[in-house]
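# Coordinate inspection notes
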Amino acid sequence: MTILVTGGAGFIGSNFVLDWLATCSEPVVNLDKLTYAGNLENLAELEGNPRHIFVQGDIGDTALVESLMREHQPRAVLNFAAESHVDRSIHGPEAFIQTNIVGTFRLLEAVRSWWGQLPADGKVRFRFLHVSTDEVYGSLEKTAPAFTESHSYEPNSPYSASKASSDHLVRAYHHTYGLPVLTTNCSNNYGPYHFPEKLIPLVIVNALSGKPLPVYGDGQQIRDWLYVKDHCAAIRRVLEAGVCGETYNVGGWNEKANLDIVTEVCALLDELRPREDGVHYRMQITHVPDRPGHDRRYAIDARKIERELHWRPAETFATGIRKTVQWYLDHPQWVANVQSGSYRDWVAQNYEGRPA
Ligand code: NAD
Ligand code: DAU
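Being a predicted model, the structure only gives us computed values, none of them experimental.

## Thoughts on the site of ligand 1
- By nearness alone, 28 residues border ligand 1, and I12, D32, S84, Y159 and K163 come closest of all.
- Between an oxygen atom of ligand 1 and a main-chain N or O atom of L34, the distance comes to 3.4 Å.
- One of the side-chain N or O atoms of T99 is found 3.1 Å from a nitrogen atom in ligand 1.
- A total of 840 Å² of accessible area belongs to ligand 1 in isolation, and the protein chains cover 96% of it.
- Elements with a contribution of two residues or more to the shell around ligand 1: α1 (11-23), β5 (127-133), α6 (158-177) and β7 (188-190).

## A word on the sheet that holds strand β3 (residues 52-56)
- Sheet architecture is open: seven strands sit in the order β3-β2-β1-β4-β5-β6-β10, paired in parallel fashion. Each end of this open sheet is capped by a strand with a single partner; those strands are β3 and β10 (247-250). In this sheet, neighbouring strand axes are inclined to one another by 20° on average, regardless of whether the strands run parallel or antiparallel.
- Note: strand β6 (residues 181-186) against β10, four bridges, orientation parallel. Considered in β10, the bridge of T183 is made with T247.
- Sitting on the sheet, helix α4 (residues 94-115) touches β1 (3-6), β4 (76-79) and β5, and the angle it makes with β5 is about 170°.
- Across the sheet, α6 is in contact with β5 and β6; its angle to β5 comes to roughly 155°.

## A short note on the packing of aromatic side chains
- Going through the model one piece at a time under the given rule, you end up with 17 aromatic pairs.
- Relative to Y159, the ring of F96 lies with its centre 6.3 Å away and its plane at 85°, an arrangement referred to as edge-to-face. Taken as a pair, F96 in helix α4 and Y159 in helix α6 lie far apart in primary sequence, 63 residues in all.
- On the numbers, 6.4 Å between centres and 45° between planes, the contact of F147 with Y298 is tilted. Here F147, found in the loop between β5 and α6, pairs with Y298, found in the loop between β12 (285-288) and α10 (303-309); they are 151 residues apart in sequence, far enough to count as distant.
- Exposure remark for F147: the relative accessible area of 0% places this residue in the buried category.
- Residue Y298 is classed as buried on the basis of its relative accessible area, which comes to 2%.
- Of note, K123 hangs over the ring of W115, and the distance from its end group to the ring centre comes to 5.9 Å.
- For the cation-ring pair, K304 lies above Y248, with the distance from its terminal atom to the ring centre recorded as 4.7 Å.

The rules behind these values
Residues numbered from 1 in each chain as written. Chains lettered and ligands numbered in written order. Predicted model: local features only at pLDDT ≥ 70, side-chain atom pairs only at ≥ 80, totals over all residues. Heavy atoms only, no water. Near = heavy atom within 4 Å. Polar contact = N/O pair within 3.5 Å; in protein donor to acceptor, adjacent residues only side chain to side chain. Areas by Shrake-Rupley, 256 points an atom, 1.4 Å probe, with all protein chains shown as cover. Helix = DSSP H or I, 4+ residues; strand = E, 2+ residues; numbered from the N terminus. Pairing = 2+ DSSP bridges. Axes fitted to C-alpha atoms, helices over the stretch in contact; angles between N-to-C directions. Contact = heavy atoms within 4.5 Å. Phe/Tyr/Trp six-rings, centres within 6.5 Å; stacked < 30°, edge-to-face > 60°. Buried < 20%, exposed > 50% of the residue type's maximum accessible area, 1.4 Å probe, protein only. Lys NZ or Arg CZ within 6 Å of the ring centre and 35° of its normal.

All we've got here are geometric facts, nothing functional implied.
See the structure below:
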């Protein structure tokens, strides 16, 4: 049996593929467009591994997806592919509409057409798992209860609106066509291979290069943080035992204000790689104008996945953030290649002209 993963060269997708191949025998077909966020260096350790089949392409390319389904007959499709950065969605929403809405629609159509021709037992066994976000639920007041799976959808950014649309399409394909779908709505991930446009990796790499650490507004916006390997374990568990048509909220039980996150990262860097001049990294913190429409608080109630599927995060924020900071300190070349843009040459360097 094989699984097809989309977006498997991105942050969460690459962690998922690495963990999957380390823990399961099933091969992975990895379909990724390699946008700026796709980085095959994340998967460098899989070089030569016959169980990893990488295909550069778009989830919106129906002919390509249909041919991959026919060729590899996957027992499941896991959709990680998306435009994922809220600030980019504010500056240019078009790509978000194309990939997150139109792309997901085309992927669903291609999968539905292939699935419809399977024998009855294959139809029942197949799964389409859609990876989504807590941002679809909108913003919470400070003392409001955390998001449950039945919270209304109130997306506030072009990114979250596009993810909300994709969730609705996935739901509709189950209710209308009977496609066996599962949806996960997760909180903020952090960990290895996180692209340094997002808060935590940006703070680590800026701190180390002596640059300002930009905090939007008053820095009191609250997010729930989940170590990426815990998210990957949750997805494996939902794929294994989730009930078709259901959604599962995935979170870390780690609600923290942005300013506290940045301060904790600075304190860890002070301990693990102190500045040569002895000045604390927190002195680099700079408040900058707020993100337009910035959601004030997200919080995930992850009791359903714990009660029904017995999943809980293994890491606390203290253990996960220490591993994360240490990973960035141990991988200066990965950081340098991302910063210089040369990670995008990796495909040419590593894959073109390779003897068959
Ligand atoms: P990412 O931006 O790091 O990676 C996205 C990947 O998708 C990249 O490799 C990119 O090349 C690929 N991609 C983009 N458009 C594509 C297309 N049209 N066809 C094929 N591939 C395409 O994102 P991430 O942080 O790894 O997030 C993965 C998924 O998880 C997304 O769906 C995101 O909405 C969701 N999510 C992310 C977080 C988080 O904290 N990062 C939290 C909850 C949910
Ligand atoms: O909640 C899940 C979501 O988490 C995912 O769906 C998104 O794909 C993912 O990008 C992430 O979205 P956020 O907007 O929460 O992540 P980001 O790292 O961009 O920002 C985290 C918080 O930090 C947010 O409140 C904005 C703030 N921030 C961010 C950046 C980049 C800053 O204060 N300064 C910054 O420079």
